[in-house]
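Close look at the chain arrangement
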Amino acid sequence: MPGSNYKRKRIVSFPRMGNIHIPICALLKEMNAEIILAPPNNKQALTIGTRYSPETMCLPYKMNLGNYIQALDQGANILLMFQAPGTCRLGNYAKMAEMKLKELGYDFEMIVFDLYGGKFKEIVNKFSRATDNKSITRAVKGIKICLAKFNALDKIEKELFYLRPREKNFGEAEKIYNKGRNLINKAQNTGEVKAAVDQTMAEYKQVYIDKSKEILRIYLTGEFFVLLDPFVNMDIEKELGRLGAEVDRQIMLSEWMGQSLIPKWLRKKETHKERATRTAKRYMTRIIGGECIESVGDAVYAAEKKLDGVVHATPFNCIPEIMSQCILPHISRKEEIPVISLLVDEHTGKAGLITRLEAFIDLMNRNRREFRHCEPKTPADVC
Ligand code: SF4
């Protein structure tokens, strides 16, 4: 039922997306916030969100709205939302959700963070407002542990990408990863975060892998939310690993945080967006919102690096990714790399997704065999 207690006690919530709650909760807890989160993304949240969203709205909005309603029903009264400027619907998410929730009778305050346009000081101020904690020292300490957790989560996940297709007992590395993720979640300071990563990496070393196994290498790209939430992408990375493919993905939480929070002059290396903008140049010359330029640039990059294929995952009806879907078949032909686009919405079934992935893996295996068969033995022996 709609609550009306936010003036008495501030109870913070924000939408779910993969592991994002771990570092964000660390920051909020450092600022003494009381937090209520919706359960990890699931069918129920999607059904609730879909019920109150325009039909053609993209899937991340529907999930976010479902999460907000679940959290408000449990007593949350401060809702956080991250926003980025651009030409897609993300710029309208917060306003639309706020209007719908007020229309439904909920009593809350919405605090919106403009990650790309907002200044560091403004972000700190907004966290202070959300938590009613004015201590800059706590905020800075919180941001430090938050960034450490972002990096730690990505580090153990990247190793999982390597182990999944090679391990003898499928699922063993996943158990270690889940344990490591819990340790990172519980860590109280950056020292404990580092210890959690070290322990996880040491345990990974015990996983029995087949180093001689022939592995396909796939670049996974597409829309941010779909890539980072395993419920929404139906565990696509796990399924690819089960099918014997190693996933390479640059859209990661730490990368996103780094490029939105760290000023350009302080960055030591090219960001993912900068690299994608460079590699996409032959096909696209300007950023049009969402992760469109990343999808285009990543496909070209994967071809340059001689990967076996590209899996492009995106919400149905995503405005920027509609553009990349039109360009990707052209890249596939010109750069000679197989590309598959997988669209998800509330009607997508996992069985259909797996069937398409299996067919794609077969295609790449065949490509490999044909390439080997055609490999010239002498300069004149060209297939
Ligand atoms: S990138 Fe696509 S899915 Fe994400 S908010 Fe924009 S339109 Fe929606």
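Just so you know, these numbers come straight off a predicted model, no measurement behind them.

**Brief notes about the overall build of the chain**
For the chain, the count of helices and strands is 15 helices and eight strands. Relative to the 2.2 N^0.38 estimate, which gives 21 Å for 383 residues, the radius of gyration of the chain is 22 Å and therefore close to what a compact globule would have. Taken along its principal axes, the extent of the C-alpha atoms in the chain is 80 × 45 × 45 Å. Sorting the 383 residues of the chain into buried and exposed places 41% on the buried side. Sequence separation of at least 24 residues holds for 73% of the intrachain contacts in the chain that already meet a minimum separation of 6.

**What to know about the sheet that holds strand 5 (residues 216-222)**
Read from one edge of the open sheet, four strands run 6-5-7-8, paired in parallel fashion. One side of each edge strand has no neighbouring strand; the edge strands of this open sheet are strand 6 (245-248) and strand 8 (339-344). Taken pair by pair, the neighbouring strands of this sheet meet at an average axis angle of 30°, ignoring direction. As paired elements, strand 7 (residues 309-315) and strand 8 share six bridges and run parallel to each other.

**Notes on the pairing of strand 3 (residues 78-83)**
Strand direction decides the pairing type here: strand 1 (residues 11-13) and strand 3, joined by two bridges, are parallel. Residue valine 12 lies in a different strand from strand 3, and its bridge partner there is isoleucine 78. Judged from the six bridges that link them, strand 3 and strand 4 (residues 109-114) form a sheet pairing that is parallel. In the sheet register, methionine 81 faces strand 4, and the bridge partner there is valine 112.

**Examining the nonpolar core**
Of all hydrophobic cores here, the largest spans 103 residues; its most connected members are Ile218 and Ala299. Looking at this core, the element that brings in the most residues is helix 6 (residues 136-163), giving eleven residues. Residue contacts for isoleucine 218: discarding those within four places in its chain leaves Leu240, Ala245, Val247, Asp248, Leu307, Asp308, Gly309 and Val311.

**Looking at the sheet that holds strand 2 (residues 34-35)**
Two pairing modes exist for strands in a sheet, parallel and antiparallel, and in both the strands are linked by backbone hydrogen bonds. Reading across from one edge, 2-1-3-4 is the order of the four strands in this open sheet, with parallel pairing throughout. Across the chains shown, the open sheet's two edge strands, defined by having one partner strand only, are strand 2 and strand 4. The sheet contacts of helix 5 (residues 120-131) involve strand 1, strand 3 and strand 4, and relative to strand 4 the element is tilted by about 165°.

**Some remarks on the packing of helix 12 (residues 272-280) against helix 13 (residues 292-304)**
Look at helix 12 against helix 13: their axes get within 7 Å of each other, and the N-to-C directions meet at 70°. Between helix 12 and helix 13, the angle falls in the class roughly perpendicular. For the pair helix 12 and helix 13, the crossing hand works out as left-handed. Between helix 12 and helix 13, the residues in contact are His272, Lys273, Arg275, Ala276, Thr277, Thr279 and Ala280 and Ile293, Glu294, Val296, Gly297, Asp298, Val300 and Tyr301, respectively. Across the contact of helix 12 with helix 13, the residue classes break down as six nonpolar, four polar and four charged.

**Some thoughts on the domain arrangement of the chain**
On domain assignment, one finds that the chain holds domain 1 (11-132), domain 2 (151-163 + 166-211) and domain 3 (215-383). Using C-alpha coordinates to define each centre, domain 2 is positioned 24 Å away from domain 3. Residues belonging to the side of domain 2 that touches domain 3 are distributed by class as follows: four nonpolar, one polar and two charged.

**Details of unusual backbone geometry**
A positive phi angle is found at asparagine 32, which is not glycine, with a value near 60°. Along the chain, asparagine 32 falls in the loop between helix 1 (21-30) and strand 2. Under the C-beta neighbour-count criterion, asparagine 32 is labelled exposed, with 12 such atoms within 10 Å. In the Ramachandran plot, aspartate 132 falls in the positive-phi region, its phi being about 60° despite a non-glycine side chain. By the secondary structure assignment, aspartate 132 is in the loop between helix 5 and helix 6.

**Topic: the site of the ligand**
Residues in contact with the ligand amount to 13 residues; listed here are only the nearest, Cys58, Cys88, Leu90, Gly290 and Cys318. Looking at the shell around the ligand, the element that brings in the most residues is helix 14 (residues 319-335), giving three residues. Partitioning the shell around the ligand into residue classes produces nine nonpolar, one polar and three charged. Taken together, domain 1 (11-132) and domain 3 (215-383) each give at least three residues to the shell around the ligand, which thus spans both.

**A word on the environment of methionine 364**
Here methionine 364 is to be found in helix 15 (residues 350-374). The class of methionine 364 is buried, set by 21 C-beta atoms lying within 10 Å. Through-space distance from the C-alpha of methionine 364 to that of isoleucine 337 is 9.2 Å; in sequence the pair is 27 residues apart. Not counting residues up to four positions away in its chain, the partners in contact with methionine 364 are Leu216, Asp308, Gly309 and Pro338.

**Topic: the environment of glutamate 203**
Mapped onto the elements, glutamate 203 comes out in helix 8 (residues 190-204). Among the residues examined, glutamate 203 registers 17 C-beta atoms within 10 Å and is labelled partly exposed. Expressed as a C-alpha distance, the spacing of glutamate 203 and isoleucine 218, which sit 15 residues apart in the sequence, is 25 Å.

Definitions and limits used
Residues numbered from 1 in each chain as written. Predicted model: local features only at pLDDT ≥ 70, side-chain atom pairs only at ≥ 80, totals over all residues. Helix = DSSP H or I, 4+ residues; strand = E, 2+ residues; numbered from the N terminus. Rg over C-alpha atoms; globule rule 2.2 N^0.38 Å. Buried ≥ 20, exposed ≤ 12 C-beta atoms within 10 Å, placed from the backbone. Contact = placed C-beta atoms within 7 Å. Pairing = 2+ DSSP bridges. Axes fitted to C-alpha atoms, helices over the stretch in contact; angles between N-to-C directions. Core = buried A, V, L, I, M, F, W, Y, C linked by C-beta atoms within 7 Å. Parallel < 35°, antiparallel > 145°, perpendicular 65-115°, else oblique. Left-handed = near helix turned anticlockwise from the far one by under 90°. Nonpolar A, V, L, I, M, F, W, Y, C, P; charged D, E, K, R; others polar. Domains from an automatic or database assignment. Near = placed C-beta within 6 Å.

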